[in-house]
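# Structure at a glance
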2 protein chains.
Amino acid sequence: MSWYTEQWSEDCKFSVGYEKHLHSEKSPFQQIDFYEGKEFGTFFTLDGLMMVNEKDEFIYHDMIVHPAFATNPDIKKVLVIGGGDGGTAREVLRYPGVEQVVLAEIDEQVFRLCQQYLPITAAGVEEDPRMELAFGDGLAYVQNAPDASFDLILVDSTDPVSVGEGLFTTAFYNECYRVLNDKGILINQHESPYFPEYAENMKKARTKIKKIFPVARVYQYHMPTYPSGHWLFGFASKSLDPLKDADADAWNAIGLQTKYYNTDLHYGAFALPSYVREALDSEE
Amino acid sequence: MSWYTEQWSEDCKFSVGYEKHLHSEKSPFQQIDFYEGKEFGTFFTLDGLMMVNEKDEFIYHDMIVHPAFATNPDIKKVLVIGGGDGGTAREVLRYPGVEQVVLAEIDEQVFRLCQQYLPITAAGVEEDPRMELAFGDGLAYVQNAPDASFDLILVDSTDPVSVGEGLFTTAFYNECYRVLNDKGILINQHESPYFPEYAENMKKARTKIKKIFPVARVYQYHMPTYPSGHWLFGFASKSLDPLKDADADAWNAIGLQTKYYNTDLHYGAFALPSYVREALDSEE
């Protein structure tokens, strides 16, 4: 067995065992590697950072998608920015009411390799007639999209370095605001409160979004293969509040089976530790 | 810099950097090591497992202590089993209403070394006049304690191996039930749902406790330096329910400053992911 090791901070490393290094290439955008191991199954990294593995991808994909749908069960048009593994689109496509899903992933090669190596997230996505693959820059996509054309934007990006950087800017969040309709919701990466570098990015994202969206909350989940295992999404909206407007009965009536998300956890996820609250408020 | 590495599962390792290996000894009970690093400060391990570090001990100690006090603000007599680092006693002693705290730690050397190397958890504990140090076996301590003599038992133990093993048995939980009074609460290690070995121990603890205590819930928290970062405590009680009986206003009126715990998070922590709920129910 070999070890894939990720530096979570200067003084912290996380390692996952693998049997095979399935694929390695430098795309025009980033370094892509696929591995296969026993406990975590197949997993891939971008620029040396764990993105998706078969063991816990369900946690991330449940949490990026379902809280928005429990808040607005009428979501029809969804824009996924990033999300090249297909897992976010997969979860969105489970809702029968969804009419259109656009996947604006900058690196088509990530999607193609996931179709080959990671069917758990990518299989069936391209074939769904509601799906539109729009490979290209996410920021450019929203800049060119008409006003009020989406109910939901899911920013399923890497950290704010390299290709992910533009997706953590005020210009990008402003464009998201514009292309969302009156009940529009933006879910985005909010990084993590525990390690200083990630906490800085968390605060920066928070500060920018709070200035633009009237509703701006943050929710947490346990994602063991991301740095510190304590990971956050931002929930921003033009009008809907994920605590006051969520309809647990309506969501449960849809009848989706989910392995991580449930409507009790929906409310619980917004109850953040005091040190996280304080960090989020510190740059408001 | 050197690395302390812990095997979280067969295919997963976690490493923390340190500058100095401060102390290493084999006590009559276990292997004890203290290290000093930059990011995590001073930390110690028992039999090669991370117990306490300066960076995130506040998370564990907030979460083992405060949910019980928010559920019953009249707690006066507290038994801590294990907890040799002193951090749990430290948090309990912050409550002015507490009259007696017994620390039943099997390995006195852990406590003495923490007094020397880890004042963040151990300083001031021995000096508090409400404190009683009862170094010895925790199971024996409860066997010899009178009926209904405690309001709260906090089992701050290692995993169910070596010295911690007896603290995960039906015999022990039965004795805890007996020595708790009518409003008595038992908080205990419930391990973690993510890695199979820990999940097995979680289910075993759950199954045993649920048969003994009329109220038996489980709550979660983000503890990045424990395996998977997703860690659980059990909340068992003879009558008080941590959701229905908690009094957020009363707890907030005490005025304790806490870095992790708050009364919104109190409720949120009991909202478990679906896969955890199912695993907990699977052996009921």
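Being a predicted model, the structure only gives us computed values, none of them experimental.

## Considering the overall build of chain A
A tally of helices and strands in chain A yields 10 helices and 13 strands. A compact globule built from 284 residues should have a C-alpha radius of gyration of about 19 Å, and chain A, at 18 Å, falls within 12% of that. Considered along the principal axes of its C-alpha atoms, chain A spans approximately 50 × 45 × 35 Å. In chain A, which comprises 284 residues, the proportion classed as buried is 63%. Within chain A, contacts between residues separated by at least 24 positions form 68% of all contacts whose residues are at least 6 apart in sequence. Here chain A displays about 10000 Å² of accessible surface, and carbon together with sulfur accounts for 48% of that area.

## Here's the deal with the packing of aromatic side chains
Here the structure, examined in full by the defined rule, presents 54 aromatic pairs over all chains. A ring pair is formed by A:Tyr35 and A:Phe43, whose centres lie 5.1 Å apart and whose planes are at 20°; its orientation type is stacked. With respect to burial, A:Tyr35 and A:Phe43 carry one shared label: buried. Consider the rings of B:Phe34 and B:Phe44, whose centres lie 5.0 Å apart with planes at 15°: the pair is stacked. Separated by 10 residues along the polypeptide, B:Phe34 in strand β4 (residues 31–36) and B:Phe44 in strand β5 (residues 42–46) bring together distant segments of the chain. The pair formed by B:Phe34 and B:Phe44 is uniform in burial state, with each residue classed as buried.

## A short note on the sheet that holds strand β3 (residues 20–26) of chain A
Residue and element names in this part refer to chain A. Reading across the sheet, the 4 strands line up as β3-β4-β5-β6 and stay open at both edges, with antiparallel pairing between neighbours. Taken across any chain shown, the strands that pair with only one partner, and hence form the sheet edges, are β3 and β6 (49–53). With strand direction ignored, the average angle separating the axes of adjacent strands in the sheet is 20°. Bridge count between β3 and strand β4 (residues 31–36): 6 bridges; the pairing is antiparallel. In the sheet register, Lys 26 faces β4, and the bridge partner there is Gln 31. Its contacts with the sheet place helix α3 (residues 108–117) against β3, β4 and β5 (42–46), and it is angled at close to 10° to β4.

## Looking at the UniProt feature "binding site: spermidine" (unreviewed entry) in chain A
Residue and element names in this part refer to chain A. Listed under "binding site: spermidine" (unreviewed entry) in the UniProt record, and renumbered for this structure, are His 61, Asp 85, Asp 156, Ser 157, Thr 158 and Asp 159. Tracing the chain through its elements places Asp 156 in strand β10 (residues 150–156). You can call Asp 156 buried: its relative accessible area is 9%. Ignoring anything within four residues of it in the chain, the contact list for Asp 156 reads Tyr 60, His 61, Ile 64, Val 80, Ile 81, Gly 82, Gly 83, Asp 85 and Thr 88. At a separation of 2.6 Å, a polar atom in the side chain of Asp 156 contacts the side chain of Tyr 60. On the basis of relative accessible area, Thr 158 is assigned to the buried category, the value being 17%. Sequence-distant contacts of Thr 158, defined by excluding residues within four places in its chain, comprise Leu 46, Met 51, Val 163, Gly 164 and Phe 168.

## Quick word on the interface of chain A and chain B
Frequently, the measure chosen for interface size is the accessible area removed from exposure when the parts meet. Every contact between the two is made by 45 residues of chain A and, on the other side, 45 residues of chain B. Between chain A and chain B, a total of about 3700 Å² is buried, with carbon and sulfur atoms accounting for 55% of that surface. If you sort the residues of chain A by the area they bury against chain B, A:Asp11, A:Tyr194 and A:His222 come out on top, with a joint share of 21%. Inspection of the chain A/chain B interface yields 4 salt bridges. A:Asp264 is the salt-bridge partner of B:Arg277, the closest N and O atoms lying 2.6 Å from each other. Between the two partners, chain A and chain B, sit 34 residue pairs in polar contact (both at pLDDT 80 or more). Among the elements of the structure, β1 (2–9), β2 (12–18), β12 (215–222), α9 (263–269) and α10 (274–281) of chain A are those that each provide at least two residues to the side of chain A that touches chain B. Considering every element that reaches the side of chain A that touches chain B, the biggest residue donor is β2(A), with 6 residues. Partitioning the side of chain A that touches chain B into residue classes produces 20 nonpolar, 15 polar and 10 charged. Where β2(A) and strand β2 (residues 12–18) of chain B come together, 5 bridges link them in antiparallel fashion. Of the residues in β2(B), the one forming a bridge with A:Lys13 is B:Ser15.

## Section: the relation of the copies chain A and chain B
Rotating chain A by 180° and translating it 0.0 Å along the rotation axis places it on chain B, where the RMSD comes to 0.0 Å. In the structure described here, the two chain copies are related by an operation that fits a two-fold rotation axis. Relative to the rotation axis, the C-alpha of A:Gly268 is the closest in chain A, positioned 1.8 Å from it. Mapped onto chain B, 100% of the interface residues of chain A again fall at the interface, so both copies present the same surface.

## A closer look at unusual backbone geometry
A positive phi angle, close to 60°, is found at A:Glu191, a residue other than glycine. Tracing the chain through its elements places A:Glu191 in the loop between β11 (180–189) and α7 (196–212). The residue B:Ala148 is not glycine, and still its phi comes out positive at about 50°. Along the chain, the position of B:Ala148 falls in the loop between α5 (138–144) and β10 (150–156). On the accessibility criterion, B:Ala148 (44% relative accessible area) is partly exposed.

## Let's talk about the packing of helix α6 (residues 170–179) of chain B against helix α7 (residues 196–212) of chain B
Residue and element names in this part refer to chain B. In the contact formed by α6 and α7, the axes pass within 10 Å of each other and the chain directions differ by 35°. Like other packed secondary-structure pairs, α6 and α7 cross with a definite hand, here right-handed. Each of Thr 170, Tyr 173, Asn 174 and Tyr 177 in α6 lies in contact with α7, whose residues at this interface are Ala 205, Lys 208, Ile 209 and Ile 212. Class assignment for the residues of the contact of α6 with α7 results in 5 nonpolar, 2 polar and 1 charged.

Calculation notes
Residues numbered from 1 in each chain as written. Chains lettered and ligands numbered in written order. Predicted model: local features only at pLDDT ≥ 70, side-chain atom pairs only at ≥ 80, totals over all residues. Heavy atoms only, no water. Helix = DSSP H or I, 4+ residues; strand = E, 2+ residues; numbered from the N terminus. Rg over C-alpha atoms; globule rule 2.2 N^0.38 Å. Buried < 20%, exposed > 50% of the residue type's maximum accessible area, 1.4 Å probe, protein only. Contact = heavy atoms within 4.5 Å. Areas by Shrake-Rupley, 256 points an atom, 1.4 Å probe, with all protein chains shown as cover. Phe/Tyr/Trp six-rings, centres within 6.5 Å; stacked < 30°, edge-to-face > 60°. Pairing = 2+ DSSP bridges. Axes fitted to C-alpha atoms, helices over the stretch in contact; angles between N-to-C directions. UniProt positions renumbered as here; feature names shortened; annotations may be inferred. Polar contact = N/O pair within 3.5 Å; in protein donor to acceptor, adjacent residues only side chain to side chain. Buried area = accessible area lost by both parts, 1.4 Å probe. Salt bridge = Lys/Arg side-chain N within 4 Å of Asp/Glu carboxyl O. Nonpolar A, V, L, I, M, F, W, Y, C, P; charged D, E, K, R; others polar. Least-squares fit on C-alpha atoms with pLDDT ≥ 70 in both. Left-handed = near helix turned anticlockwise from the far one by under 90°.

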